[in-house]
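Fold and contact review
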Amino acid sequence: MKNRKWLLGLFIIVALLQAAVPLFMAWRWEDVLQTGRQFYWQTAPVDPYDAFKGRYVELRFKETTAPRSNNADLVAGQLVYAIISENAEGKAYISGVSVTCPETGYYVKAKAYANGQNTIYVSLPFTRYYLPEDLAPAAEAAYRESAGKQTSVAVVRIKDGYGVIEQLYIGDKTLLEFLQQSPQG
């Protein structure tokens, strides 16, 4: 009798944990979207497909380097904290890199993939902007066509080392507005 109660209790605990883990993972990204600070990043386009998650626009960011400090000897792929700042135009950039978590300010967990003589190159963790399947082909074409002609900007919310792409702009219009006003839309 004791074994059955113990097994039932263990089963309930395992079931609760199995439900809690995916809920926490979804909540973490939603929390960043709802309460994180907005940063505007200039982008350059690429668009592939993910068999599990669907269509997305692959984003390349113009600002992916930081000045090298004297004590920043990094190995390729090392986890770092990219410290995020804004320039005079309100665009985000990486103002520094730390191997320890900063106590204040805005930062994202990232990987250092090269260590130049005076520059550290950083691979940002947010590079995919997911779209509904039916909008993806038109979005891909519009985004590539506008490259070089108009500024493309991703609005990224950052909180506690995590970043989530909230919106994508082509010129002064959201991607959806741009598609609705384009000849193909």
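Everything below is about the structure printed above this text.
Described below are features of the structure shown in this document. Keep in mind that what you see is a predicted model, and the values were worked out from it rather than measured.

Turning our attention to the packing of aromatic side chains. Applying the stated rule across the entire model yields 5 aromatic pairs. Geometrically, the ring pair formed by Y81 and Y107 is edge-to-face, given 5.8 Å between the ring centres and 75° between the ring planes. Of the two residues, Y81 sits in strand β5 (residues 78–86) while Y107 sits in strand β7 (residues 106–115), which places them 26 residues apart along the sequence. Given a relative accessible area of 12%, Y107 falls into the buried group. The side chain of R37 reaches across the aromatic face of F39, ending 4.5 Å from its centre. Its guanidinium or amino end placed over the ring of Y106, R37 lies 5.3 Å from that ring's centre, counting from NZ or CZ.

A separate point is the nonpolar core. Counting 34 residues, the largest nonpolar core has L59, I84, I94, V97, V122, L168 and L175 as the members making the most contacts within it. Among the elements that make up this core, the one with the highest residue count is helix α2 (residues 136–146) (4 residues).

Let us look at the environment of D31. Note that D31 resides in helix α1 (residues 2–35). Overall, the relative accessible area of 18% leaves D31 in the buried class. Remark: the alpha-carbon pair of D31 and K159, spanning 128 residues in sequence, is separated by 8.6 Å. If we skip the residues at most four places from it in the chain, D31 touches G36 and K159.

Buried within α2 are the following residues: A136, A139, A142, Y143 and S146. All buried residues of α2 lie within an arc of 130° about the axis, which places them on one face of the element.

Next up on the list: the pairing of strand β10 (residues 152–159). Most of β10 is tucked away, with 7 of its 8 residues classed as buried. The pairing of β10 with strand β11 (residues 162–170) spans 8 bridges and is antiparallel. For R157, the partnering residue across the bridge sits in β11 and is V164. Hairpin connection from β10 to β11: 2 residues lie between these consecutive antiparallel strands, with D160 at a positive phi of about 50°.

This brings us to a nonpolar patch on the surface. Judged by side-chain polarity, W6, L7, L10 and V14 come together as a nonpolar surface patch covering roughly 410 Å² of accessible area. Of note, L7 is situated in helix α1.

On to the pairing of strand β8 (residues 119–123). Residues I120 and V122 of β8 are buried on one face, while the alternating residues T119, Y121 and S123, pointing to the opposite face, are not. As paired elements, strand β4 (residues 65–67) and β8 share 3 bridges and run antiparallel to each other. Residue T65 lies in a different strand from β8, and its bridge partner there is Y121.

Cut-off values and rules
Residues numbered from 1 in each chain as written. Predicted model: local features only at pLDDT ≥ 70, side-chain atom pairs only at ≥ 80, totals over all residues. Heavy atoms only, no water. Phe/Tyr/Trp six-rings, centres within 6.5 Å; stacked < 30°, edge-to-face > 60°. Helix = DSSP H or I, 4+ residues; strand = E, 2+ residues; numbered from the N terminus. Buried < 20%, exposed > 50% of the residue type's maximum accessible area, 1.4 Å probe, protein only. Lys NZ or Arg CZ within 6 Å of the ring centre and 35° of its normal. Core = buried A, V, L, I, M, F, W, Y, C linked by side-chain atoms within 4.5 Å. Contact = heavy atoms within 4.5 Å. Arc of directions from axis to C-beta. Pairing = 2+ DSSP bridges. Patch = residues over 30% accessible without salt bridge, like charges linked within 9 Å, V, L, I, M, F, W, Y side chains within 5 Å. Areas by Shrake-Rupley, 256 points an atom, 1.4 Å probe, with all protein chains shown as cover. Salt bridge = Lys/Arg side-chain N within 4 Å of Asp/Glu carboxyl O.

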